Amino acid sequence: MQAVVMAGGEGSRLRPLTLNRPKPMVPVVNRPVMGHIIELLKRHNIIDIVATLQYRADDIRDYFGDGSTIGATINYSVETNPLGTAGSVKLAERFLARDEPFLIISGDAITDIDLTKVIEFHKRVGAAVTLTLYRVPNPLEYGVIIVDAQGRIERFLEKPSWGEVISDTVNTGIYVISPEVLSEIEEGIPFDFSKDLFPLLMKRGAPLYGYIADGYWCDVGTIAEYARATADVLEGRVQIGEPGRRLYGNIFVEDDVEIAPDAQLNGAVYLGEGVRIKGGVVIHGPTVIRPFTIVDNRSHIERSIIWRNAYIGEGVETRGAIIGRQCSLKSRAVVFEGAVLGDGCMVGEGAVVHPNVKVWPSKEIEAGATVKSSLIWGAQARRTLFGRFGITGLVNVDITPEFAARLSAAFGATLPKNAHVIMNRDVNRGARMIKRAMVSGLPSAGVSVHDVESVPIPVARYYAATSGAAGGVHVRISPFDQRTVDIRFFDQNGQNLSKAKERNIETIFFREDFRRVAFDQLGRIEEIGGVAERQYIHDALQAVNADAIRAAHFTLVVDYASAPTSLVLPAILTDLGCTVIALNERVDETKMAIANEAFQKGLDQLAAITAAMKADVGLRLDVGGERVWLVDGTGRKLSGTTTAAALMELTLRASGAVAVAVMANQPCVFEQIASWHGAAVRRVKIDPQALMTAATAPDVALAFSGAGELIIPAFHRLIDAMFPVVKLLEYLATQKTSLAEVVNTLPPYYTAFRRVACPWEQKGMLMRVLNEQYKERITEQVDGVRIQLGEREWALIVPESDQPEFYIYAEGTSDDNAALLVDRYARVIDGLRA
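Here the structure is a predicted model, which is why all the values come from computation and not from measurement. (Residues numbered from 1 in each chain as written. Predicted model: local features only at pLDDT ≥ 70, side-chain atom pairs only at ≥ 80, totals over all residues. Heavy atoms only, no water.)

Colleague: Could you clarify how one ought to interpret the pattern of salt bridges in this entry?
Modeller: Where charged atoms from two side chains of opposite charge approach closely, those side chains can pair. One pass over the structure, following the stated rule, counts 45 salt bridges. Two residues, Glu314 and Arg298, come together in a salt bridge whose shortest N-O distance is 3.4 Å. In this pair, Glu314 sits in the loop between β25 (311-312) and β26 (317-319) while Arg298 sits in the loop between β22 (294-295) and β23 (300-302), placing the two residues 16 residues apart along the sequence. A relative accessible area of 53% means that Arg298 is categorised as exposed. Glu709 is the partner of Arg627 in a salt bridge, and the nearest nitrogen-oxygen pair spans 3.7 Å. Remark: Glu709 occurs in the loop between β49 (700-704) and β50 (710-711) and Arg627 occurs in the loop between β45 (617-621) and β46 (628-632); sequence separation between them is 82 residues. Among the ionic contacts, a cluster of salt bridges with common partners joins Glu225, Arg228, Asp232, Glu235 and Arg237. (Salt bridge = Lys/Arg side-chain N within 4 Å of Asp/Glu carboxyl O. Helix = DSSP H or I, 4+ residues; strand = E, 2+ residues; numbered from the N terminus. Buried < 20%, exposed > 50% of the residue type's maximum accessible area, 1.4 Å probe, protein only.)

Given below as structure tokens:
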């Protein structure tokens, strides 16, 4: 049998290690990753190999040649343009026999999977394609595959979110393919196995099978996985043979190694050819020191990987670090956990490289310097950029002006030249600093900035969507922590960026592949303060029955949270003839983040004043203007769920049989209200963007999270707290009712919520087991695992995307019943983890 080794990987997540070599040439202990793959093939009597190449193809050809020196025959197929995984194999078809199956294997993974068993399985079941599958703790970065009891593939799920994970069985990229399958691939056209070929074959009913393999498999795709694979090889968890001559214990050496008599080597250690270990050196494994490296007197090396031709000076300490080829660490330098030095770096005497710092090749760190942020081409390296709240970090530590300027340049590079972007911030000085830095980055990419200064987030979103902007940016201090800044990006519709667009920004940022335009193409910076607010106010007033509201003469108590909402909503309420008792109306930059105790105290105050003043409605807006908390005329504080239910009842009274979008964690009270009016309820993921996407459907009249986030699509399809308040007043006026009366008509509901800690590496396993264990009770799978227990009894278990924990939501027939349900499933998760 022949094998195709996919070796075109660039390895951008392994930078700076892959800047001077392709990913398959990154060394794992005693040979490159691809070398381990070829040895695996040889152990299974596969020596006729075709390698598909793209990035730095000559590095691989020069190293392996025609394969004769390693007992194999290697042909090379080089892509000039990216063709995708399947397209690259199609390009290599001329080297493949047309009368027998062939194996495809990634050249950048470490594995000891029994390929012979995979091939035998393929032949036994008569598959067109056999995918080798493997169970992993965290399936998010892989394609998840679901198979039946016979191994036939039922479903593909490419790189799911935690809420979509239904299995921890993933695609390893090792395939056995019958030759006729290649006829399905068009030559010279980008085509991918997982995204294109396999779904096409599934649609046509071709026999696609999955073989769940035992053994070891690790995709060497990140720095952490590279370190893990190296340790696993050293410590014998991968059955690929000993990496060198065993000196004693787990100490392996190559030829011409010198170790001083008083040096101490502990644990699993590999010393390459010509390595010199001087007096007083202490090495703790797992540690790899590759050929011709010198470790000078009294150095301390712990859990580190040091590439060839490096110099480790006297008294140097490395702990969990990776040191690239031909690096020089001068005496008493210290390199801490997770730090990575690219090839040819020099670290001066007494310098300290802090944890997780990445230093790009050929950089020099001065003697005595302390490096706390990465040195790229003057840039900081991060594992990922985007999270739940956009891009988040400590102000002036993680998110610095330099970082922000580069980030906006990366954003600008994804947009057309001559486009313009809306730029907004809250009133805190930290947000102001970061916004000004971001303003400077966009024009360098040929993108103009329209600075709306400081307006509520819904106003910025609305203006971005209605002004022809290509996107928008809002910079704010996190409402949860005044030391943290959030940078949120909008698209041309004012909605959050898609995951694909976020990844595009990340790719450009990490590669520093910025678009720099000529001086006469630089974008402009225009300050247009007041324009966005005026447009929002005008359009909001046009979108409601203003005369009806004016005739009602509402009295309101409004807590503006010392935020820019006080610059917009008062003008609307004044025009509508409302009497407003304003609280915290003066904008205060120190109150952009407050403790939960202070927030609850403020709600209590709002309720007391609303009742005392006999106001119709009391309301508190969050600092961004995206959430609202209501109090009815009796002083009763309404939860987010009750607020949404009341607005839904009013909306359906006015609109009739329409659709309403609600997040998956909300109770069944919404279906009950919908049944009164012949309306439909559409459940969406527990994600603000999912809510905004659902609101774009033409029949959706209302969308809400149940946590104070509301969307009235008749005005705009964006999360907003201000316009829904105005729409609420219209409904109360036209239906001649009060908020308290509406709330009194709502059905009761009983819910509970619990957080349960869970290590990251167990999340995938838990989702798989939960799906299998409760398969008969899972009636819908919008987000997480929803277990239906009765007509109004259910539990929803959702893996939290940003934290090592699960969220458990439950609805029961009483408060006690709901609490018992979350307790029960918390115990289930704890039991499965044990």
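Read on for the rest.
Colleague: Help me out: how do you make sense of the packing of helix α7 (residues 401-413) against helix α8 (residues 429-441) in this one?
Modeller: Helix-helix packing: each pair is described by the crossing angle between the helix axes and the interaxial distance. For the pair α7 and α8, the least separation of the axes is 7 Å and the interaxial angle reads 40 degrees. What the angle tells us is that α7 and α8 run oblique. The crossing of α7 and α8 is right-handed. Counting all contacts with α7, which are made through Pro401, Ala404, Ala405, Leu407, Ser408 and Ala409, the residues of α8 involved are Met433, Ile434, Ala437, Met438, Ser440 and Gly441. (Axes fitted to C-alpha atoms, helices over the stretch in contact; angles between N-to-C directions. Parallel < 35°, antiparallel > 145°, perpendicular 65-115°, else oblique. Left-handed = near helix turned anticlockwise from the far one by under 90°. Contact = heavy atoms within 4.5 Å.)

Colleague: How should the packing of aromatic side chains be read in this particular structure?
Modeller: Each pair of aromatic rings is reported with the distance of its centres and the angle of its planes. Counted under the stated rule, the structure contains 23 aromatic pairs. Relative to Phe64, the ring of Tyr63 has its centre 4.8 Å away and its plane inclined at 75 degrees; by these criteria the two rings are edge-to-face. Taking relative accessible area as the criterion, Phe64 reaches 5% and is therefore assigned buried. For the ring pair Phe753 and Tyr807, a centre distance of 5.3 Å and an interplane angle of 75 degrees mean the geometry is edge-to-face. Separated by 54 residues along the polypeptide, Phe753 in strand β51 (residues 751-757) and Tyr807 in strand β54 (residues 805-811) bring together distant segments of the chain. What makes Tyr807 buried here is its relative accessible area of 11%. Aromatic rings pair up to connect Tyr462, Tyr536, Phe715 and Phe723 into one cluster. Its end group placed over the ring of Trp794, Arg786 keeps NZ or CZ at 4.1 Å from the ring centre. (Phe/Tyr/Trp six-rings, centres within 6.5 Å; stacked < 30°, edge-to-face > 60°. Lys NZ or Arg CZ within 6 Å of the ring centre and 35° of its normal.)

Colleague: Could you clarify how one ought to interpret the nonpolar core in this entry?
Modeller: Soluble globular proteins tend to pack their nonpolar side chains together in the buried interior. Core analysis: the largest hydrophobic core is formed by 71 residues, its most contacted members being Tyr536, Leu569, Ile572, Leu619, Met648, Phe704 and Leu739. Per-element tally for this core: the top contributor is helix α18 (residues 722-734), with 9 residues. Those residues in contact with Leu569 that lie beyond four places of it in its chain are Val558, Tyr560, Leu619, Leu621, Met722 and Val726. Ranked by size, the runner-up nonpolar core spans 41 residues in total, among them Leu385, Leu407, Ala431 and Val447. (Core = buried A, V, L, I, M, F, W, Y, C linked by side-chain atoms within 4.5 Å.)

Colleague: Explain helix α16 (residues 669-677) to me, please; I cannot follow it from the model alone.
Modeller: An α-helix turns once every 3.6 residues. As a result, residues three or four positions apart point the same way. Of all the positions in α16, only Val669, Phe670, Ile673 and Ala674 are classed as buried. Each buried residue of α16 sits inside an arc of 135 degrees when the element is viewed along its axis, so together they form one side. If you follow the buried residues of α16, they end up packed against α15 (640-655), β47 (659-663), β48 (680-684), β49 and β54. Phi turns positive, to about 70 degrees, at Gly678, one or two residues after α16. (Arc of directions from axis to C-beta.)

Colleague: Whenever I open this one, the sheet that holds strand β31 (residues 346-347) confuses me. Can you help?
Modeller: Sheet architecture is open: 7 strands sit in the order β16-β19-β22-β25-β28-β31-β34, paired in parallel fashion. Each edge of the open sheet carries a strand with a single partner, namely β16 (258-259) and β34 (364-365). Pairing between strand β28 (residues 328-329) and β31: 2 bridges, direction parallel. By the bridge assignment for β31, Leu329 is matched with Val347. (Pairing = 2+ DSSP bridges.)

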